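Chains, contacts and geometry: an overview
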Amino acid sequence: MDTQLLRGVGCLEGISLLLLLFVAMPLKYVWGYPALVPYVGMAHGVLFLAFLVVLLITSHKMQWSIGMFLLGLLASLLPFGTFLFDAKVKKHAML
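Each residue is numbered by its place in its chain's sequence as written, counting from 1. Totals for whole chains, interfaces and linings use all residues, but because this is a predicted model, local features are given only for residues with pLDDT of at least 70 and pairs of side-chain atoms are given and counted only at 80 or more. Water and hydrogen atoms play no part in the side-chain values, which are based on all heavy atoms of the structure.

In this section: the nonpolar core. Counting 11 residues, the largest nonpolar core is built from Leu6, Val9, Phe51, Val54, Leu55, Trp64, Met68, Phe69, Ala75, Phe85 and Val89. Helix numbers and strand numbers start at the N terminus; a helix is a DSSP run of H or I with at least 4 residues, a strand a run of E with at least 2. Every element with two or more residues in this core is listed here: α1 (3–29), α2 (36–61), α3 (66–77) and α4 (81–94). Contacts: residue pairs with any heavy atoms within 4.5 Å of one another. Excluding anything up to four places from it in sequence, Phe69 contacts Leu55, Leu56 and Ser59. In plain words, nonpolar cores are sets of buried Ala, Val, Leu, Ile, Met, Phe, Trp, Tyr and Cys residues tied together by side-chain atoms within 4.5 Å. Burial here depends on accessible area, computed with a 1.4 Å probe over protein chains only, as a share of the maximum for the residue type. Under 20% is buried, over 50% is exposed, and the range in between is partly exposed.

This is how it looks when you write it as structure tokens:
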């Protein structure tokens with residue numbers, strides 16, 4: 001497993017978080033249309049867990065510091081965080 005899988009899952013996880021926060025939740029709480037929240041929420045939950053598993057495996061395989069792992073963990077909790085982490089991983093892989 002290389003960083004490509006981590007970057008791909010991170011991108012999907014980031015997109016799912018943005019869809020949940022900026023599409024599904026406003027549809028529910030602003031316009032009273034809650035139908036998308038369970039589906040987008042479930043997809044995001046699965047992708048979040050997949051990202052954490054792939055991050056843990058990649059961190060171990062690439063012998064990253066605990067700081068790099070924690071940075072990835074923090075990035076998964078913040079909107080746009082996985083995209084910023086992706087740039088860091090890409091830069092780190094080029095070294």
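And the narrative resumes.
This next bit is on unusual backbone geometry. The general pattern is negative phi for most residues beyond glycine and trans for most peptide bonds. Despite not being glycine, Gln63 shows a phi value in the positive range, around 55°. A relative accessible area of 72% means that Gln63 is categorised as exposed. Positive phi outside glycine occurs at Phe80, with the angle close to 70°. Mapped onto the fold, Phe80 is located in the loop between α3 and α4.

Bringing the packing of α2 against α3 into the picture now. Structural elements are reduced to axes, namely lines fitted to C-alpha atoms, with helices fitted over the stretch in contact, and the angle between N-to-C directions of any two is expressed from 0 to 180 degrees. α3 packs onto α2 with a crossing angle of 170° between their chain directions and a minimal axis gap of 10 Å. Judged by the angle between their axes, α2 and α3 are roughly antiparallel. Note that α2 runs across α3; the crossing there is right-handed. Of α3, the residues touching α2 (which contributes Phe48, Phe51, Leu52, Leu55, Leu56 and Ser59) are Phe69, Gly72, Leu73, Ser76 and Leu77. Note on residue categories: nonpolar means Ala, Val, Leu, Ile, Met, Phe, Trp, Tyr, Cys or Pro, charged means Asp, Glu, Lys or Arg, and polar means any other residue, Gly included. Residue composition of the contact of α2 with α3, by class: 8 nonpolar, 3 polar and no charged. Oblique is the label for any angle not covered by the other classes, which are roughly parallel (under 35 degrees), roughly antiparallel (over 145) and roughly perpendicular (65 to 115). For any helix crossing, the convention is left-handed if the near helix is rotated counterclockwise from the far helix by under a right angle, and right-handed if that rotation is clockwise.

Worth remembering: the numbers are spatial, not functional.
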